[in-house]
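Each chain, letter by letter, is given below.
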There are 4 protein chains.
Amino acid sequence: MLIPDAEGRPAGRTTARVRYPETDRMGMAHHASYAVWFELGRTELLRDLGCPYGEIEDREGILFPVAELGATYRRPAVYDEEVRITTRLVSARGARVRFEYTVEREGSGVLLASGFTVHAAVGRDRRPRRLPAGLARSLGDAPRERA
Amino acid sequence: MLIPDAEGRPAGRTTARVRYPETDRMGMAHHASYAVWFELGRTELLRDLGCPYGEIEDREGILFPVAELGATYRRPAVYDEEVRITTRLVSARGARVRFEYTVEREGSGVLLASGFTVHAAVGRDRRPRRLPAGLARSLGDAPRERA
Amino acid sequence: MLIPDAEGRPAGRTTARVRYPETDRMGMAHHASYAVWFELGRTELLRDLGCPYGEIEDREGILFPVAELGATYRRPAVYDEEVRITTRLVSARGARVRFEYTVEREGSGVLLASGFTVHAAVGRDRRPRRLPAGLARSLGDAPRERA
Amino acid sequence: MLIPDAEGRPAGRTTARVRYPETDRMGMAHHASYAVWFELGRTELLRDLGCPYGEIEDREGILFPVAELGATYRRPAVYDEEVRITTRLVSARGARVRFEYTVEREGSGVLLASGFTVHAAVGRDRRPRRLPAGLARSLGDAPRERA
């Protein structure tokens, strides 16, 4: 679901339920699961923006490997609870794109974690590539020089 | 480590330690982790046989997608314990190969699980391919018609 | 979504999208991912039957570790495609329960994989336990002696 | 393997091979796999320091959930290659511990990624706890106020 961001930047929401194998013996979602949820968030945001990631890879031959990842964990997510992932496409500069995320308890909106990823657009030869036109367009007037 | 099998079939052993994210809230290794350990077992057996799986894929363009998987779980594997995976290449017929596995507690040898996988050799176009020559050779006098 | 089964056994349907980390270098969903999807299927079926699995664990102290797993893979599932998981609770005998699954391409209904799991109801002490009353009831007239 | 750190802080090394399910359709290790490798690194460092993590949890009832995670990715890790994880326990202050990691290509020593995690020592009730004595001791003269 595409939602307006206060500063006019593309943002979207999706939900996920904590899966059993995503939990660990501590009884809550393992911290690496959040990297997967962040990825679900940006997948759905790109789809909502009309640029499904699979098509970017398959049709345009552009990959977005993660160059940086950061996460801050506030509260544990427990088995089977529904979490709401909000994803913002906050900036793009040349071949780099930055997304920011929050993971909240669905319903109460309690913040569980926040984080970001920075991606470098590259071709299958791993050399830098320009952002796909559709994605660049959707960034519109977003503050493109902030990355 | 390549070990002789009573019936002269290729067999090998490797070990793995149960990783934290492989455990779940039940406090032991999640059942899907065993499919990953089985895969570690056949990866090391293929390497020991002189046919590293990565090379089969990259040089010969042959893939071995799993066509069947079966596992029986006896006892739980707990966090950080070392398990010993024994892998047997029990048969090959045309484009199909069958591996069998046991997962035991390293040290005591207590059986934790056993299982099998059947693989179909295919090309990148998903069409059946003959087994790589090196692998077929290493099967030697193994009972190739039993698959 | 709870759906009627031809033989009156509890059955349900849910969907999942193939996640990026569920794919492997072969370009399709890794075979261990199906064990996770089967688990999603039975989680949703148990919820639909009024016995959420988390509550069975937390309130009744009953765990359902997997005792057996079987899967047959027909066609690959690719990144970002939606799969439909149909789960049937086919039998229960004493402390053992058997579920059967199909994974189909959502939309076309093309069969991707099928499988089963057998679970043993145990307490936190790993000793056999009777099925939770709610679950036993929901099995109703299902052929309970077939497991 | 425990190695001396230039500043006298505890540091250790371990290796891991990139597993097939750790790769994704981009053909290299998925970025979330590095969080798992970091965890392998600190597990082995804690073991080398005489404080196996499982024992800290089981005997002392102290958990170390991840409070912060950061990673910078330089070069892809490919299927079946061996990576060397170097882990440093860089600081501890009250109930917080910070580890830093590098992941290099084994053999060549080419840097693939670096990162850090910050952990909060808590009891099973999620309330802050002091560091286990053994761990605090092993930090010795490390710059404990830098966290």
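Residues numbered from 1 in each chain as written. Chains lettered and ligands numbered in written order. Predicted model: local features only at pLDDT ≥ 70, side-chain atom pairs only at ≥ 80, totals over all residues. Heavy atoms only, no water.

(A) View of the interface of chain C and chain B. Counting residues at the interface gives 27 residues for chain C, matched by 26 residues for chain B. Both sides together, the interface formed by chain C and chain B hides about 2,100 Å², and carbon and sulfur atoms give 55% of it. Between Arg25 of chain B and Glu57 of chain C there is a salt bridge, with the nearest N and O atoms lying 2.4 Å from each other. Inspection of the region where chain C meets chain B yields ten residue pairs in polar contact (both at pLDDT 80 or more). (Contact = heavy atoms within 4.5 Å. Buried area = accessible area lost by both parts, 1.4 Å probe. Salt bridge = Lys/Arg side-chain N within 4 Å of Asp/Glu carboxyl O. Polar contact = N/O pair within 3.5 Å; in protein donor to acceptor, adjacent residues only side chain to side chain.)

(B) Highlighting the sheet that holds strand β2 (residues 11-17) of chain D. Strand order across the open sheet formed by twelve strands is β1(A)-β2(A)-β4(A)-β5(A)-β6(A)-β3(A)-β3(D)-β6(D)-β5(D)-β4(D)-β2(D)-β1(D), with antiparallel pairing between neighbours. Only two strands of the sheet have a single partner each, and these edge strands are β1 (2-3) of chain A together with β1 (2-3) of chain D. As paired elements, strand β5 (residues 96-105) of chain A and strand β6 (residues 111-120) of chain A share nine bridges and run antiparallel to each other. Residue pairing in the sheet places Arg98 of chain A in a bridge with Val118 of chain A of β6 of chain A. Sitting on the sheet, helix α1 (residues 32-48) of chain A is in contact with β1, β2 (11-17), β3 (66-73), β4 (82-93), β5 and β6 of chain A, with an inclination near 65 degrees to β4 of chain A. (Pairing = 2+ DSSP bridges. Helix = DSSP H or I, 4+ residues; strand = E, 2+ residues; numbered from the N terminus. Axes fitted to C-alpha atoms, helices over the stretch in contact; angles between N-to-C directions.)

(C) Examining the environment of Tyr53 of chain A more closely. Topologically, Tyr53 of chain A is positioned in helix α2 (residues 53-60). Sequence separation of Tyr53 of chain A and Phe64 of chain A is eleven residues, and the distance between their C-alpha atoms is 8.9 Å. Leave out the neighbours within four places in its chain, and Tyr53 of chain A touches Leu46, Leu63 and Phe64 of chain A, Tyr20 and Tyr79 of chain C together with Met26 of chain D. A polar contact is formed between the side chain of Tyr53 of chain A and the side chain of Glu57 of chain A, at a distance of 2.7 Å.

(D) Focus on the nonpolar core. Formed by 85 residues in total, the largest nonpolar core has its most connected members in Trp37 of chain B together with Trp37 of chain C. The greatest single-element share of this core, amounting to nine residues, is contributed by helix α1 (residues 32-48) of chain C. Sequence-distant contacts of Trp37 of chain B, that is, excluding residues within four places in its chain, are made with Val18, Glu22, Ala29, Ala77, Val83, Ile85 and Val103 of chain B together with Arg19 of chain D. In terms of nonpolar packing, the next biggest core, distinct from the first, is built from 84 residues, Leu45 and Cys51 of chain A together with Cys51 and Tyr53 of chain D among them. (Core = buried A, V, L, I, M, F, W, Y, C linked by side-chain atoms within 4.5 Å. Buried < 20%, exposed > 50% of the residue type's maximum accessible area, 1.4 Å probe, protein only.)

(E) Up close: unusual backbone geometry. With a phi close to 70 degrees, Arg126 of chain B is a non-glycine residue in the positive phi region. Tracing the sequence through the fold places Arg126 of chain B in the loop between β6 (111-120) and α3 (133-139). Located in the positive-phi region is Asp80 of chain D, a residue other than glycine, with phi close to 75 degrees. Following the sequence through the fold, Asp80 of chain D ends up in the loop between β3 (66-73) and β4 (82-93).

(F) View of the packing of aromatic side chains. Using the criterion set out here, one finds 32 aromatic pairs over all chains in the structure. A centroid spacing of 5.7 Å and a plane angle of 55 degrees characterise the contact between Tyr20 of chain A and Tyr53 of chain C, whose relative ring orientation is tilted. Separated into two different chains, Tyr20 of chain A in the loop between β2 and α1 and Tyr53 of chain C in helix α2 (residues 53-60) make up a pair that spans both. Under the relative-accessibility criterion, Tyr20 of chain A is labelled buried at 3%. By relative accessible area, which is 8% here, Tyr53 of chain C ends up buried. Between Tyr79 of chain B and Tyr53 of chain D, the aromatic rings sit 6.3 Å apart at their centres with planes inclined by 80 degrees, giving edge-to-face as the arrangement. Note that Tyr79 of chain B is positioned in the loop between β3 (66-73) and β4 (82-93) and Tyr53 of chain D in helix α2 (residues 53-60), a pairing that runs across two chains. This pair shows no difference in class: Tyr79 of chain B is buried, exactly as Tyr53 of chain D is. Within the aromatic cluster, the residues linked to one another by ring pairs are Tyr20 and Tyr79 of chain A together with Tyr53 and Phe64 of chain C. Residue placement shows Arg98 of chain B over the ring face of Phe116 of chain B; its charged tip is 4.3 Å from the ring centre. (Phe/Tyr/Trp six-rings, centres within 6.5 Å; stacked < 30°, edge-to-face > 60°. Lys NZ or Arg CZ within 6 Å of the ring centre and 35° of its normal.)

(G) Just the interface of chain B and chain A, in detail. With nine residues of chain B at the contact, the number on the chain A side is nine residues. Between chain B and chain A, a total of about 940 Å² is buried, with carbon and sulfur atoms accounting for 64% of that surface. Summed over the shared surface of chain B and chain A, the result is four residue pairs in polar contact (both at pLDDT 80 or more). Here the side of chain B that touches chain A is built from residues that sort into four nonpolar, three polar and two charged. (Nonpolar A, V, L, I, M, F, W, Y, C, P; charged D, E, K, R; others polar.)

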